[in-house]
Amino acid sequence: MTPGKFAGKIPLPLAIIVAFAAVGCILPRLVQDTESSYLIYVLFQIFLFITLAQGWNLVAGYTGQISLGQHAFFGSGAYVTAMFWNSGLGGYFDPFTILLSGFAATLLAILIGIPLLSRLRGDYFALGTLGLGEILRVIVIQGGAITGGSSGLILPSSAYTSITIYYYYSLALALFATLTVYLITKSRRGLALVAVRDCEIAAAASGIHILKYKVVAFAIGAFFTGLCGSLQAYYLFQVSAPNFFSLNWTLYPVIICVLGGVGTVIGPIVGAFVLTALFEVSKEWLPMIHPILSGVLVVVVIIFLPGGILRTKLQR
Amino acid sequence: MTVDTLLQLLINGILFGTMYGIAAIGLSVIFGIMHIIFLAQGTMIVLAAYCCYWLFKLYGMNPYLSAFVIVPAFLVLGQVLYHGLFRRVSVSGRFPSLLIAFGLMSLLENLMSVLWTPNPRAIDAVYSSYGITLLNLNISFTRLMAFIMAIVAAGAVTLFLKKTLLGMAVRAASENMESAMLVGITPHRVNSVAFAIGMALAGLAGIAVATVYPFDPGFGFIFSLKAMIALALGGMGSLIGALAGGILLGAIESFSSYIFSGAWADAIGYAVFLLVLMFKPEGLFVSSSNKD
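Residues numbered from 1 in each chain as written. Chains lettered and ligands numbered in written order. Predicted model: local features only at pLDDT ≥ 70, side-chain atom pairs only at ≥ 80, totals over all residues.

Chemist: Help me get a handle on the overall build of chain B, residues and values and all.
Modeler: Counting secondary structure elements, chain B contains 11 helices and two strands. For chain B, the sequential pattern of α-helices and β-strands runs α-α-α-α-β-β-α-α-α-α-α-α-α. Here the C-alpha atoms of chain B give a radius of gyration of 19 Å, agreeing with the 19 Å that 2.2 N^0.38 yields for 292 residues. Expressed as lengths along the three principal axes of its C-alpha atoms, the size of chain B is roughly 60 × 45 × 35 Å. (Helix = DSSP H or I, 4+ residues; strand = E, 2+ residues; numbered from the N terminus. Rg over C-alpha atoms; globule rule 2.2 N^0.38 Å.)

Chemist: Please set out the overall build of chain A residue by residue, giving values where relevant.
Modeler: Of the regular secondary structure elements, chain A holds 14 helices and four strands. The buried share of chain A, taken over its 316 residues, is 51%. In chain A, 78% of the contacts between residues at least 6 apart in sequence involve partners at least 24 apart. (Buried ≥ 20, exposed ≤ 12 C-beta atoms within 10 Å, placed from the backbone. Contact = placed C-beta atoms within 7 Å.)

Chemist: Please give an account of the nonpolar core that cites residues and values.
Modeler: One finds A23(B), A48(B) and A205(B) to be the most contacted residues of the largest nonpolar core, which totals 207 residues. Of the residues forming this core, the biggest block, 17 residues, is contributed by helix α8 (residues 187–212) of chain B. (Core = buried A, V, L, I, M, F, W, Y, C linked by C-beta atoms within 7 Å.)

Chemist: Run through the confidence of the model for chain B, naming residues and quoting values.
Modeler: Residues and elements named next belong to chain B. Looking at chain B, the pLDDT average stands at 82 and 92% of residues meet or exceed 70. Confidence over residues 288–292 falls short of pLDDT 50; this stretch has six contacts with residues more than four positions distant or in other chains. Interface confidence for the predicted complex, expressed as ipTM, amounts to 0.74; the pTM equals 0.82. (pLDDT = per-residue confidence, 0-100.)

Chemist: Help me get a handle on the interface of chain A and chain B, residues and values and all.
Modeler: Taken together, the 34 residues of chain A in the interface contact 33 residues of chain B. Among the elements that make up the side of chain A that touches chain B, the one with the highest residue count is helix α5 (residues 122–141) of chain A (13 residues).

Chemist: Any chance you could break down unusual backbone geometry for me, citing the residues and the numbers?
Modeler: All names here are of chain A. With phi around 60°, F237 is a residue other than glycine that occupies positive phi space. Within the element layout of this structure, F237 appears in the loop between α9 (210–236) and β4 (238–239). Overall, F237 belongs to the partly exposed group, with 17 C-beta atoms counted inside 10 Å.

Chemist: With reference to specific residues and values, describe the confidence of the model for chain A.
Modeler: Here chain A shows a mean pLDDT of 81. Residues at 70 or above account for 89%. Mean pLDDT across the secondary structure elements of chain A bottoms out at strand β1 (residues 5–6) of chain A, with 54, and peaks at α9(A), with 90.

Chemist: Any details on helix α11 (residues 248–260) of chain A? Residues and values, ideally.
Modeler: Residues and elements named next belong to chain A. Spanning 13 residues, α11 covers 18 Å between terminal C-alpha atoms, matching the ideal 18 Å at 1.5 Å per step. With 12 of 13 residues buried, α11 is to be regarded as a mostly interior element. Positive phi shows up at G261, right after α11, with a value of about 125°. (Expected span 1.5 Å × (residues − 1).)

Chemist: Give me the environment of Q54(A): which residues, what numbers.
Modeler: Relative to the elements of secondary structure, Q54(A) occurs in helix α2 (residues 38–62). Sequence spacing of Q54(A) and V265(A) is 211 residues, and the spatial spacing of their C-alpha atoms is 7.9 Å.

Chemist: Before we move on, can you summarise the packing of helix α1 (residues 12–30) of chain A against helix α6 (residues 163–186) of chain A with the specific residues and values?
Modeler: All names here are of chain A. Interaxial distance between α1 and α6 falls to 11 Å at its minimum, and their mutual angle equals 175°. In this view, α1 runs roughly antiparallel relative to α6, as classed from their interaxial angle. In this structure, α1 contributes P13, L14, I17, A21, G24 and P28 to the contact, and α6 contributes T164, Y167, L171, L175, T178, L179 and Y182. For the contact of α1 with α6, the per-class residue count stands at 10 nonpolar, three polar and no charged. (Axes fitted to C-alpha atoms, helices over the stretch in contact; angles between N-to-C directions. Parallel < 35°, antiparallel > 145°, perpendicular 65-115°, else oblique. Nonpolar A, V, L, I, M, F, W, Y, C, P; charged D, E, K, R; others polar.)

Chemist: Give me the lowdown on the environment of M61(B), citing residues and values where you can.
Modeler: Topologically, M61(B) is positioned in the loop between α2 (41–59) and α3 (67–89). Discounting residues that sit within four places of it in the chain, M61(B) has contacts with L55(B), F56(B) and S66(B).

Chemist: Just give me the short version of the environment of D266(B), but keep the residues and values in it.
Modeler: Residue and element names in this part refer to chain B. Looking at the element boundaries, D266 is found in helix α11 (residues 262–279). We classify D266 as buried; it has 22 C-beta atoms within 10 Å. Residues D266 and H188 lie 78 residues apart in sequence; the distance between their C-alpha atoms is 37 Å.

Have a look at this one:
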């Protein structure tokens, strides 16, 4: 996992997380006008990406299961939030709605995960998750009045108050996700996950219940992803299949983790910052290139920096 | 449903399915040697379709004749791509290769979107609406040509693999890379050949797509998925299986979209895919002579 301790006692990742939390909480106070503050907006995006990435990190980096279907969970979380809110039972940043969205994604992950993870290895599993995303997208588009069909659902944007609530919420999510991943990696469970990643047969021979660990990791990853979808729904006040079930929502966490270092706790944080920086820069100066950049990045990074930024620096 | 309708649907499905089949054969060749599932196959097919389209639009070149330009070009492209992208990571396992394919797909799709706009394109040639009527059934000319191209392609690749020295080297490497190395076969050489063949097949499939269907950059991903479904149905190791899988998928889609509707046909296809992956990953057409 990571070497080095800070001040001799506190492990480095934990120190970083705490520092992050402290800075993150104070920052909005320092900014003049948060509503039009670019920094707050960008940080909100970054925190969202971090959460998304940690979800994938847990499944792929630590458990070794490459899931290419994160967009299924993202979209599910978003749609559950939207449908619940529209039906009158939920609300704007209503904790119940939020939790429900997360659990819906988790449930989906368990339902799909058990058959998929028990039979498919490696590439086949990736394909299966890819197919899952597509199936879900079609179902949602065909959903008619319940899901708003191909144009999606509109949410009352009058509920918008300020951007600070998004900022704090996404900060909390990012911290929560990172902390979860960190605690898992430090625990025996985490050791089991890494064992599953490195050599399934040996892990099974040591008595680890492979399927259980894979499904749990998958489910936790889905939970975070679903929460991200829900947040995005609250931000855009509109959910539609092309936006929310887009493959981009799988691509971003992949790039971020690959950039920053798969299978590390801080890697996704670094990756999210770098990626957002690159995106914002390219939006400024090369607006057309922006979507192409993602693909180029993945390819370049995998070829030249196979471990990601963090791994290269730590010389793993 | 009358027998006529049944037969018509079946014919449509088969003819259409051969396009999936060509894509799947390309995937199969690449998978057989490099053991990676080349996610970007569909996107390469769309790229070829654009090439075909522009050759037609700008130079008035007959799409079928442009095969003589596009296929060799894609052969070379395959070599270049392999040496540029996959060569270094071919030893590090499947994870990096899978992600590179994923990144490449994303890259190309967006690039094409930016260069040529996301609007659908179609080739409208004199013979686009030609049809032949055989036994009361309507067979579209372009689809028939696609079918013929698929059969020819499958035949050519099989001949190559069976009769030429290079082809036999490729087959040897796919069975056992280490033993192949022992007899003097260079892994990178056969990998790049396999990849080049995969790309050439993509080029051919692109021409088929361009003549039959309106296409846009986003089509690539869907086509990749369909090709993978065809591959799963037919069995990952066999070329004929890939073609057969494609035809089967075409038939399934044809009937599904008649009985339900277009979008559900897609979902049914994916559902079949998941089911086959889970319960019969070696493919539906496994015969005892196939080694996997």
